[in-house]
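Here are the chains, one letter per residue:
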Amino acid sequence: MPLIELKHVVGGYGGAPILNGVNMAIEKSDIGVIVGPNGAGKSTTLKAIFGLLKVTGGTIEFGGENIANSLPDKLVPRGLSFVPQEKNVFTSMSVEENLEMGAFTRKDDFKATMAWVYEMFPVLGEKRRQPAGELSGGQRQMVAMGRALMSKPSLLMLDEPSAGLSPRYVIEIFETIQRVNAEGVGILMVEQNARQALAFATKGFVLASGQNRFTGTGAELIADPEVAKSFLGG
Amino acid sequence: MSSDLVIDVRNVSKRFGGLTAVNNCSLSVRRGSITGLIGPNGAGKSTLFNMVGGNIVPDSGQVIFDGQDVTGFQPYQLFRIGMLRTFQIAHEFSQMTALENLMMVPGDQPGEHLLDTWLRPRLVRSRETDVRKKALDVIDFLKLGHVRDELAGNLSGGQKKLLELGRTMMVDAKIVLLDEVAAGVNKTLLNDLASNIERMNRELGYTFFVIEHDMDLIGRLCDPVIVMAQGEKIAEGPMAEIRANPAIVEAYFGTPVEAV
Amino acid sequence: QDSGATIGFIGGFTGPIESLTPPIFAGAELVVSQVNEQGGILGGELSIISADGACDATAAAAAADKVINTDNVTGVVGALCTGETIGAFNGSGLSGGVVFISPASSAPTLTTLEDNDLVYRTTPSDALQGVKLANLLLAKGVNDIAITYVNNDYGKGFADALAAAYEAGGGTIAANLAHEEGKADYRAELGNLVASQNLVILAYANASGNTVLRQAVESGNFTTYVGGDGMVGDDLLNGIDAAAVEGMIATRAGAPSGAAVDIYNAFTADGFTANATYAPQAYDAAFLMALAIEKNGSSAREGLSAALREVSSAPGEKILPGEWAKAKELIAAGTDIDYEGAGGALDFDEAGDVDGIIVELAVEGGSFVEKGLID
Amino acid sequence: MIQRSLTLFGGLFVLILVVGWVMGLPFTSSRLVEAAAYALIALGLNIQWGYGGLFNFGIMGFLMVGGAAVTFISYPINPDFWGSDGPMMLGRALLAFAIGALLVLAARQAHRVGITGKWKGALTVLAWFVAYVLYRSQLDPAAAYIESAGGGWVGGLGAHPVLGWLFGGVLAAGIAYVIGKICLGLRTDYLAIATIGISEIIRALIKNMDWLTRGTLTVSPIPWPTPLPQNYQAGGMDIASSLLLARAGYLVLALVILAAVMWLISRAYAGPWGRMMRAIRDNHIAASSMGKNVTARQLEIFVFGSVLMGIGGAMLVSFVQIFDPSSYQPINHTFLIWVMVIVGGAGTNWGALFGAVLLWLIWVISEPLSKAIFDMVSYWSTNVGWGAIPEIEARSAQMRVFVLGLVITIALRFAPKGLIPEVVKREG
Amino acid sequence: MTEIIFFINQVVISGLVLGCIYALGAIGITLIFGILRFAHFAHSELMTGGAFIAFLLASAFAAWGIVTPIPTGFVVLPIAMVLAAILALGIDKGFYAPLRKRGAKPVTLLIASIGVTLMVQGLIRLFFGAGSYSFFENEPKEIFRIDTSALGSTRPLVITEPQVLMILVTLVSVIALHFFLTRSRLGKAMRAMADNADLAQVSGINTALVVRVTWVIAGALGCMAGTMLALDVTLKPDLAFNIILPIFAAAIVGGLGQAYGAIAGGLLIGFAETLAVFNWTMLFRPLNAILPDWAQLPSTLALVPTEYKLTVAFVILVITLLVRPTGIFKGASS
Ligand SMILES: Nc1ncnc2c1ncn2[C@@H]1O[C@H](COP(=O)(O)OP(=O)(O)OP(=O)(O)O)[C@@H](O)[C@H]1O
Ligand SMILES: Nc1ncnc2c1ncn2[C@@H]1O[C@H](COP(=O)(O)OP(=O)(O)OP(=O)(O)O)[C@@H](O)[C@H]1O
Ligand SMILES: [Mg+2]
Ligand SMILES: [Mg+2]
C-alpha cells in the first residue's frame, strides 16, 4: 500500500478548478518530484493534500485513509509536513522559535531533532536568536525546511525547496532530502531545478494544466526528449 | 570619471544591528554589459541591490549612477533617471490584475495627474491605449495571457516572478537590476527569457545587473561576473575564470562544477 | 378643534447630563398626568413627546426638527443645556414660531438670543446663581476660593459670574481653571488649585464633578467643598468619605418656602423625586405651557407666547402647582390667572428670563439637604 | 454587481420614502441635507482610505476646521471688534508670527553660513522658542483684550456662506498639508492615532480660543446660502411650505456640489490616477521602485480628501446655524464616518455615498425606532403583568446606540467588504 | 520638603496611577492587535462590562455579609475575570469570528468592534441606568496618609489602597504576560499566529484555540483594568469609553503587540498629562526667597493651561511616533 495516493483529484480556489484529475502514488521509500510549467498546479496539488483548499473530486489516501479536506492540525500529528513556496517562515520570531513551532504538535522532547537541524544547517545555529525576517533569501529557505523537519514527519512535502539557494546549498539540500528519505520519510516535492531533482527522484510527475502529462522514474523523464524539450529547458 | 560605467559603487557599507551585511564594497557595472553578481546566501547581494536601488540608504560610501551621485536618492527618483529593479521576493500589487500590474509601470502618464484627467481626457485616453497595448504584448510574451485578469496575489510563485520581470519590459531603462528572477521559473520558459534579455542587451542597449544562483544562466548571459562573500567583493571576471578559482568553487559551488 | 394638545420635550437623555435628565423629564411628565386626571386640555388629552438632544446643539437641531415638524407639537419644554436650546430653537423653532420653555438652560447667553419672544426659561440665569453663590460664600466667611469648572457654556458662564461677584464682594479667587470632561484623573488639575483650601466645583455630578470631588477628597488638600446646581445629585456622594464632604455647600435654583412649594413637594412619590435638580423647573415649564395652551384656546402656535405671558404674570388669580382643574375653570370663565410655581413666582421679563430664587443646600449625613434661600 | 447596487439604492430610496411618509417631508428633507454633507465627508474619507490606504482618524478635526471657517466668512461683521483696538493688536500678533516664522526658517538655513550639525539643531530649537514667546507675547494680551473689551470675539466677515464653504475646504487643505508632511511616513495604525491626536489638538484650540471662535459660548445664528424659511414667511408664505421650499433649496445646492464632486473623483479613479493610487496602497515599496513618488502622492490624496471633509463640515454647520465646538465628539464625527465608508464599501464612491446616506438615516430613525420597540415591549409586559418599563424615554434614547451598533454588525456580517464592495478592475 | 512631597503626590503618584490605568487597558489592546491584527475598539466595553460584573459580585458578597480584609472588589476579581473572559469569547464568536472566517480586513473588524461598543453601551445603560456606582458603598476606602513631618514636610504623602494594589497588579500582570508569550508553548503559538496565520496553520497549530485563548486573556485583563479604574474613581457606564483614546495612544506609543510597550506607553501618556498642567511654581516656590523682586515666580507656571491638557499628551504622542515610527518598543503593524 502506498504511503500516499492521489486518485483523480479535482479541486481549486473557488472559481474554475485548477486541478483536473491528478494521480500520484508515493511509497515510504520514494522521493517524488513534480515538475511542470509555471501555474500548472504543482503547488496547488501539495496544498490540496494538506487540506488548504477544497478538493471537490477524487480521493487522497494517506496510510489507507481518505484525508481529503482534513485540516493541517489533524494532518501534522499523523505525519504530514509541508514547506510552502512563499512566506514560509515566521518573520518576527527567532530562528529557534520557528523551529519550535515546527514541533508544536509534538508532545515529546524535541531537543535532539533541533540539534540535528542545526547540524544540517550550521548557519541557522549561528543565527538562532535572530528574527527570521532578517535572514537572506536562502537562509529563510533553510529555516523553513528545518521547521518542517521538526515534527518528524513520515511524508515531507516541499514546494521548491531549492529556490533561491546558492548552488552549494542546493546540493546540500538535495543531499539532506535524500538523507531524510533514507531515514524512512517519504518525500514529495515540487522543483524547478528539475534536472537536478529528477536525477535522484524515484518517481517523477510532469504536471501541466492541472493534469498528469508524464509519469515515470526520474531517469525516465530526463531521458524522454519530449519532456526535456517542453519542461526541462531542452 | 569613466562614463562607460553605468553604476559605480564606492566603498559602501551597511550594518544591521551587529551584522555587517555589506562591508566597504566597491564594484561597477559597465555600460552595455550584462554583469552577474553571485555569492553564497547571505553574502549581501540583495542588500547591495537595495542600496543601489534606493530602498535602503548606505551607512557609508557612495553610489554613482551614470556619473551622478545618487546616494540617498529615493527609488522613484532613480526610476525616473533610468534605473529599474526587480525584487527577490516578488513585490506584486496583489489586489490588482496582472495586466494592471504592468500598466502602472510606465512613468509620466498624463492620466496620473488630476488636472490632466479632468481637463485633457483625450490625451489621457490615447496614452492609455498605448500603455495597454504594450502591456498586452509583454504579458503574452511571458505566457501569462490566460491569467492577465487574475489578481496578481493569486498567481503562482513563478508567475509572480514573471510579472516582476515583465515590469522591466514596460519601459526603456538604462539599467535593469534583476534579483534572482530565475528562481522558481520553469527552465523552458527561462530559456526564452534569457534570449530576450540578450536581445534587449544587444539590440536596445540595455545594461543588466543580475543576481542569480542559476549557474547555467549566469554562464550563458553574464560577462563579467562579480563574486561577493560576506559583504565584500572577492573576485571579478568572466565565468570561466571564476570557475577556475578553487577557493570560490569550494565556498560557493560546494563541488567542482563541470563546464556546461 | 377640541382634541387636546401635544407638547415636546427635548433633553440630554444621552451625553454628559444623561443621569440628570430622567428626573427632569419626570417633572414634565407629572404635569401631563395631572392635567389629564383633572379634565384634560382643550377638551382632550395632553400628551408629551420626548426627543434626545444629547446636550449638543447639532443633535438638538434634529430632535427639534422631529418634535416640531414631524410630531407637530404646540410648544416645547426644553432643551436643557444652553447650546442644546439654541441649536434646537434656531433650526426649527424660529421658523416654526414655536414657544420654548427651558427648565435648565441657565447660561447667560440665552438672555440675548434673538428669539422673536419665543424662548423662555423657568430657571434663573447663571449670572444670578453665580452672584448668589458668591454672596453665600462671603456671608459664611469664606474669603478665598479656588474654582474648577467644566469647560462648556454652563461651567464657563457660571464661573465667570461667580468670580466677578466674589471679587467685587472682596473675596480672593486663588485660581479659576477649566477642566475637560471625561478624564479618569484630575489630580494634576487639582494640584493647581491648592492655593485655597476652599474648592468650588462647577461641573456635573455624574460626569467630571464626581471624579474631581473624589480626588480632591483623597488628596486631603481642601477643607471646604462647594458646588453649583450641576453637582447636586445623590450619585455624587456614593461611597465617598462621608466625613470629608459633610457640610459641603451647594446652590441651585429653588423655590421660596410657601404653599406652592409645599404642595409641589408633596408630589414626591414612587418614581418621582420632587426635589431632584431642575425637576421643579421642568414641572413649572410644562405647567405653564399647558396653561398657555388652554388660555390660547387652540393647539395652534400663534398667540401662545402672549398667552404664556398672561398666565404667568400678575395680575390674576393665583394658581398653584397641581391646580389644573381650577385653572381650567378660571380660564374658561375668562378670569385672568397667575401661576406661582414650585420654583418661584415665575414672572417673565422682556427677555423671557425669570427672577429666580436660589437655595442653599448642604450635605448632611450623606445627602443633600435644603437649607433655605439665599438673599 | 451592478444589479446588486441598483437593488440597494432602490432599497435606500424606498427607505427615504418611508421615512418621508412617517416623519414628514420637512424633517426628511433636512436629514437629507445632512446626509448629503455626510456623503461629501464620506467621499473624502473614501479617497483617503479607499483609494490611498491612509488611516485618517482625525476627521473630526477637519470638520471643525470647516465649521469654524464658515463662521469666519459668513457670520455678520462684529462692529465692536472692528471699532476697538483688537484689529491692531491682532495685526501685531500676526506680525510677530511672521517674524517668528522667518526666524525659524532662517535658523533652518543656518548651514549656509557655516553653522551645521548640533549647533544648527540648537539654533533651530532656540528659534522655535523665541518665535513662540514672541508670538504669545503679542497674542495673549490681544486675546485677553478682545475677550473682555474688544467685542468679545472677532466676528465674521458677512460674506456669502458658499465662500465660507470654499474657505473651509482651503483651510482644511492647508492643515492637511501640514499634518501630511509631518505624519504620512507613519504606518497604518500609528498614523491613525497620530491623526486622532492632532484632531484632539485642533478641537482644544478651537474650543478654547474664545477670541477667535467664541469657544464654548457658540456662534449662532449662522446664515444660510439659500433663503431661510423666515425669508419666505416674510413674504407671506405659510410655515409648512416655507420650510419645505427653504430646505429644498439648500438640498439642491448640496446635491449639486455632491454630484460635481462625485463626477470629478470617479473620473480620476477610473483612470491611471486611480490605478497608481491602488498600486501605492497595495505595495508602496514596489510602487516607489516603479517610479511613483509615494510621499507626494499620498500627500496629494490626503489633502484632496480633507478638502471634501472641510467643505462637508462647513455645510453641516451652515445648515444647523450654530457652531458649537463642544458638540464635536470622535464617536459621531470620526468613527461614524468610518462606519459609513466601511459598511458602504471602501474604495467605491457609490458605496461610500450609499453608506453615508444609509447610516445617517438609520442614526436618525434609531431614536423613534428604539422608542417604538420599547413601547411595544412595555405594552406587552404590562399585559403580562410585569408592569411597564420605567423611564422609558431615557432608556429608549440610550438604546439608540444599540440599534446603530446592531445595524453595523449585521451589515458587516453579511457583507464584510461593504454593501457595495470594490470590484477588481479587469482591464482586458 | 513640603514642595517635594507635593510634587510626589501630584505628579509621581498621580502619574503612576494614571499610567497604570492606561497601561492595564493598553495591554489588552496590544495583545489583541498582536494576534488578530486589528484595533479592538470595544476593549473599553470589556473593561466597563468587566467592572460591572465585578461590581455585581461585590454587591452580592456584601449582601451575603462576607467581609474581606482588602476591598471586596479585589477579592471578587478572579471570578469576575472568568466571567468577563466568557463574555469576551461570546463577543468574538458572535461578531468577529464570522468576519474572520470570511477573510475580512482588519479595518472591517475595527468597525465591527465600534458596533459592538455601541451595543454593549446600550445594554449597560439599559440594565444599570446612566448613574454612577461606587465599590465603597459598604466599606470605607482606605486612604494612607503617610506623615512626612520627619522629613520636614507639612504635607502627608497620600495614596489609597486601591492605588497601591493597582500598581502591584499592573506590574505582575505585565511580567506574567511577557513570560507567557515568550516562554510558554501556547504563548509562542500566539505569536506565531500573529506573525503568519497561514504558516501557523500549516505547522499544525490549532489556530481556533489560539484565538480563544487570546480572547480569554483579553477579557480577563479588560475586566481587571476596568475594575481597577472603578475602584480608583467610580463606576459608570462610560467608565472606560471616555479614556479609550489615551489607552490606544498608550498601546501605540509603546509599540503595538508589545506587552512592555503598553506599560511604557501608559506611563508616558500618564505622566505627560500630569506634567503638562503641573504648576511648577509649587515646586520652586522656595526659590522666591532668594530671587530678586523682578524675577519672582508667577503664581502659575505650567506648560499649558488645564484646558489644553490632552493636547500635550497628544503632542508627545506625535513627537514620539515621529522619532520612533512604530513605537518605543518597535511594534507590529497591520
Ligand atoms: N533588514 C535586515 N535586518 C537585519 N539583517 C538583515 C536585513 N536584511 C538582510 N540582513 C542580513 O544581511 C545579510 C545579507 O543579506 P542579503 O539579503 O543581502 O543576502 P543575499 O546575498 O541576497 O543572499 P541570498 O542569495 O540568500 O538572497 C544576511 O545575513 C541577512 O541576515
Ligand atoms: N489563491 C488563489 N486563488 C485563485 N487562483 C489561484 C490561487 N493560487 C493559485 N491560483 C492559480 O492556480 C494556478 C496554479 O497555481 P500553482 O501555484 O499551483 O502553480 P505552480 O504549478 O505551483 O506554479 P509555479 O511553478 O509558478 O509555482 C495558477 O494559474 C494560479 O493563478
Ligand atoms: Mg508553485
Ligand atoms: Mg538575496
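Residues numbered from 1 in each chain as written. Chains lettered and ligands numbered in written order. Predicted model: local features only at pLDDT ≥ 70, side-chain atom pairs only at ≥ 80, totals over all residues. Heavy atoms only, no water.

Chain A goes by ABC transporter ATP-binding protein in an unreviewed UniProt entry, where it is assigned to Devosia ureilytica. What the UniProt record of chain A gives under Sequence similarities (unreviewed entry) is the line "Belongs to the ABC transporter superfamily." (UniProt positions renumbered as here; feature names shortened; annotations may be inferred.)

Chemist: I would appreciate a short explanation of the coordination of the magnesium ion (ligand 4) in the present structure.
Modeler: For a metal bound by four donors in a tetrahedral arrangement, the ideal donor-metal-donor angle is 109.5 degrees, while six donors in an octahedral arrangement ideally sit at 90 or 180 degrees. Donor atoms from the polypeptide that bind the magnesium ion (ligand 4) are S46 of chain B (OG) and Q88 of chain B (OE1), placed at 1.9 to 2.1 Å. Residue S46 of chain B is found in helix 1 (residues 45-52), and its partner Q88 of chain B is found in the loop between strand 6 (83-85) and helix 3 (98-103); the two are separated by 42 residues along the sequence. (Donors = N, O, S within 2.8 Å, 3.2 Å for Na, K, Ca; no water. Helix = DSSP H or I, 4+ residues; strand = E, 2+ residues; numbered from the N terminus.)

Chemist: Where do I start with the site of ligand 2 in this structure?
Modeler: Taken together, 19 residues lie around ligand 2, and K42, S43 and T44 of chain A together with S156 and G158 of chain B are the ones closest in. Ligand 2 is flanked by residues contributed from chains A and B. The contact in question runs from a nitrogen atom of ligand 2 to an N or O atom on the side chain of Y13 of chain A, over 3.5 Å. Between a nitrogen atom of ligand 2 and a main-chain N or O atom of N154 of chain B, the distance comes to 2.9 Å. In isolation ligand 2 offers 640 Å² of accessible surface; the protein chains occlude 88% of this area. Listed by contribution, the elements that provide at least two residues to the shell around ligand 2 are helix 1 (42-49) of chain A together with helix 6 (157-168) of chain B. Looking at the shell around ligand 2 residue by residue, the classes come out as 5 nonpolar, 12 polar and 2 charged. (Near = heavy atom within 4 Å. Polar contact = N/O pair within 3.5 Å; in protein donor to acceptor, adjacent residues only side chain to side chain. Areas by Shrake-Rupley, 256 points an atom, 1.4 Å probe, with all protein chains shown as cover. Nonpolar A, V, L, I, M, F, W, Y, C, P; charged D, E, K, R; others polar.)

Chemist: Where do I start with the state of the cysteines in this structure?
Modeler: Two cysteines form a disulfide when their sulfur atoms are joined by a covalent bond. All names here are of chain C. The tally for this structure, following the rule as stated, stands at 1 disulfide over all chains. In this model, C55 is linked to C81 through a disulfide, with the two sulfur atoms separated by 1.9 Å. Around the S-S axis, the bridge from C55 to C81 shows a dihedral of about -100° and counts as left-handed. Remark: C81 occurs in the loop between strand 3 (75-78) and helix 3 (82-96) and C55 occurs in the loop between strand 2 (46-52) and helix 2 (57-70); sequence separation between them is 26 residues. (Disulfide = S-S within 2.5 Å.)

Chemist: It is not clear to me how the coordination of the magnesium ion (ligand 3) should be interpreted in this structure. Could you clarify?
Modeler: Taken together, the protein donors to the magnesium ion (ligand 3) comprise S43 of chain A (OG) and Q85 of chain A (OE1), at separations of 1.9 to 2.3 Å. A residue pair is termed long-range when its members are at least 10 positions apart, and S43 of chain A in helix 1 and Q85 of chain A in the loop between strand 6 (80-83) and helix 3 (95-102) qualify at 42 residues.

Chemist: What is the right way to read a negative patch on the surface from this model?
Modeler: Residues and elements named next belong to chain C. Taken together, the side chains of D347, D349, E350 and D355 define an acidic patch exposed on the protein surface. Here D349 lies in the loop between strand 12 (337-339) and strand 13 (358-364). Looking at D349, the relative accessible area reads 37%, which means it is partly exposed. (Patch = residues over 30% accessible without salt bridge, like charges linked within 9 Å, V, L, I, M, F, W, Y side chains within 5 Å. Salt bridge = Lys/Arg side-chain N within 4 Å of Asp/Glu carboxyl O. Lys, Arg positive; Asp, Glu negative; His and termini not counted. Charge placed at Lys NZ, Arg CZ, Asp CG, Glu CD. Buried < 20%, exposed > 50% of the residue type's maximum accessible area, 1.4 Å probe, protein only.)

Chemist: What's the story with a positive patch on the surface in this structure? I'm lost.
Modeler: Together, R4 and K417 of chain D together with R102 and K105 of chain E make up a positively charged patch on the protein surface. Inspection of the secondary structure assignment puts K105 of chain E in the loop between helix 4 (77-101) and helix 5 (106-128).

Chemist: I would appreciate a short explanation of the interface of chain E and chain D in the present structure.
Modeler: Counting from both sides, the interface comprises 47 residues of chain E and, opposite them, 42 residues of chain D. The junction of chain E with chain D conceals about 4000 Å² of combined surface from both sides, 76% of it contributed by carbon and sulfur atoms. Linking chain E with chain D are 0 salt bridges, by the criterion used here. For the pair chain E and chain D, the number of links is 5 residue pairs in polar contact (both at pLDDT 80 or more). Secondary-structure elements contributing two or more residues to the side of chain E that touches chain D are helix 4, helix 5, helix 10 (244-254) and helix 13 (309-323) of chain E. The element that contributes the greatest number of residues to the side of chain E that touches chain D is helix 5 of chain E, accounting for 14 residues. Of the residues in the side of chain E that touches chain D, the class split is 33 nonpolar, 11 polar and 3 charged. (Contact = heavy atoms within 4.5 Å. Buried area = accessible area lost by both parts, 1.4 Å probe.)

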